[in-house]
Amino acid sequence: MQVYLYAKSGHAIGLEATKRCATIANALKEFEPVLCTSDFRAGAFAKDLLGIKKYVNIDVVRNLYNIMEKRDILIYDTDETNEFMQNDMKEFCTLLYTVQNDISKIVVDETIYKSVENPLIEKLMFFGDDDYNNLFLENIKEAESFDMDLLMGHYFFLGNEKIFKNYFNNVIDEEEYVETIQNSKYLLTASIQTALESISCGNKPVLFKREDKIYDEELINDLNIPSINSNNFNEIIKEFEEIIKHYPKIKNFNNVNLENIVKSIKVNIDEYNKLTGNY
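Residues numbered from 1 in each chain as written. Predicted model: local features only at pLDDT ≥ 70, side-chain atom pairs only at ≥ 80, totals over all residues. Heavy atoms only, no water.

*Asks:* I would appreciate a short explanation of the pattern of salt bridges in the present structure.
*Replies:* Note that side chains of opposite charge can pair when their charged atoms are close. Scanning the model with the defined rule gives 15 salt bridges in all. A salt bridge links Asp130 to Arg210, with the shortest nitrogen-to-oxygen separation between them at 3.4 Å. You can see Asp130 sitting in the loop between strand S6 (121-126) and helix H5 (135-140) and its partner Arg210 sitting in the loop between strand S10 (204-208) and helix H9 (217-223), a full 80 residues away along the chain. Its relative accessible area of 5% is what places Arg210 among the buried residues. Ionic pairing is found between Lys213 and Asp130, a salt bridge with its closest N-O pair at 3.0 Å. You can see Lys213 sitting in the loop between S10 and H9 and its partner Asp130 sitting in the loop between S6 and H5, a full 83 residues away along the chain. On the basis of relative accessible area, Lys213 is assigned to the partly exposed category, the value being 26%. Because the salt bridges share partners, they merge into one network encompassing Asp130, Arg210, Asp212 and Lys213. (Salt bridge = Lys/Arg side-chain N within 4 Å of Asp/Glu carboxyl O. Helix = DSSP H or I, 4+ residues; strand = E, 2+ residues; numbered from the N terminus. Buried < 20%, exposed > 50% of the residue type's maximum accessible area, 1.4 Å probe, protein only.)

Written out as structure tokens, the structure reads:
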């Protein structure tokens, strides 16, 4: 009986689901889980930066049946499934969990994203891991230079960093993602997952909403994360500067607790091993 995690990911999607599933995989490491991503680079990112041991590329969620066996355990983070597929998966798997519906909306690896004394970076911008339509690049072309650093996205187009250097103090490589989030006191980001990781580090994120993304407004309001609705980066920066002068108190940051899921998986694997004689 194998434990699998599936994260929808890719150059037009980003890595938010991958980061959540990597967090869960690390909490389940005693079961030697396999992380499945829609894009090979997402799995490599999780291995290099987030401590993942095993990963495999699966183009779409329905292709999981090509590697899984009946009675395996699956945790997935994707919007690819419909009711018919979900019922089929329930029959196929011993245990089945969807991340945001069955586990938590806040999934952050606190062993990685922890506070750092005296963060080195005062202000940082992180647009997101993906910019398939070059929205960020097009929007900043009419902007002024910004008194902050920029963290590159994992799927940004090659060569864009040369343009970004005209607008930011420093352009930081995406391979330094974890250290940069840890060391940035004020973060301006369009990624809710990155904002949650910043909060876990004791830092202060401000969320600006991309026109090509859907946001969980209930979660944003519940946590009291300050947010900005604008596509004009001169306006976004001005509002960001005003917000961080009087940064609000973050509320209700209840990170995921996976103890019950760990226990359930252990019970089911132990029962399966007794039935099959695998000890």
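*Asks:* When you look at the packing of aromatic side chains in this model, what are you seeing that I'm missing?
*Replies:* For any two aromatic rings, the description comes down to two numbers: the centre-to-centre distance and the angle of the planes. In the structure shown here, the tally under the stated rule is 13 aromatic pairs. Between Phe127 and Phe136, the ring centres sit 4.8 Å apart and the planes meet at 20 degrees, which makes this aromatic pair stacked. You'll find Phe127 and Phe136 in the same group, each marked buried. Among the aromatic side chains, those forming a connected cluster through ring pairs are Phe127, Phe136, Phe146, Phe156, Phe164, Phe168, Phe208 and Phe233. (Phe/Tyr/Trp six-rings, centres within 6.5 Å; stacked < 30°, edge-to-face > 60°.)

*Asks:* Would you take a moment to explain helix H10 (residues 233-245) for this structure?
*Replies:* The first and last C-alpha atoms of H10 sit 18 Å apart over 13 residues, in line with the 18 Å expected at 1.5 Å per residue. Listed in full, the buried residues belonging to H10 are Phe233, Ile236, Ile237, Phe240, Ile243 and Ile244. Viewed along the axis of H10, the buried residues span an arc of 125 degrees, placing them on a single side of the element. Across H10 from its buried face, at more than 90 degrees, point the exposed residues Lys238 and Lys245. On its buried face, H10 sits against S6, H5, strand S9 (184-189), S10 and strand S11 (227-228). Among the residues of H10, the N-terminal cap falls to Asn232, whose side-chain oxygen and the backbone nitrogen of Asn234 are separated by 3.0 Å. (Expected span 1.5 Å × (residues − 1). Arc of directions from axis to C-beta. Contact = heavy atoms within 4.5 Å. Polar contact = N/O pair within 3.5 Å; in protein donor to acceptor, adjacent residues only side chain to side chain.)

*Asks:* Even after reading the chapter, I still don't get the sheet that holds strand S5 (residues 95-98), so can you show me in this structure?
*Replies:* Strand-to-strand pairing in sheets goes through backbone hydrogen bonds, with the strands running parallel or antiparallel. Ordered by their spatial adjacency, five strands build an open sheet running S3-S2-S1-S4-S5, and the pairing between neighbours is parallel. The open sheet is flanked by strand S3 (55-57) and S5, the only strands paired with a single partner. Each strand axis lies, on average, 20 degrees off the axis of its neighbour in the sheet, ignoring direction. Relative to S3, strand S2 (residues 34-37) is paired through three bridges, and the arrangement is parallel. Bridge assignment links Cys36 to a residue of S3, and that residue is Val56. Along the sheet, helix H2 (residues 40-50) contacts S2 and S3; its crossing angle with S3, the most-contacted strand, is approximately 170 degrees. Set on the sheet, helix H11 (residues 259-276) makes contact with strand S1 (3-7), strand S4 (73-77) and S5; between it and S5 the angle comes to about 160 degrees. (Pairing = 2+ DSSP bridges. Axes fitted to C-alpha atoms, helices over the stretch in contact; angles between N-to-C directions.)

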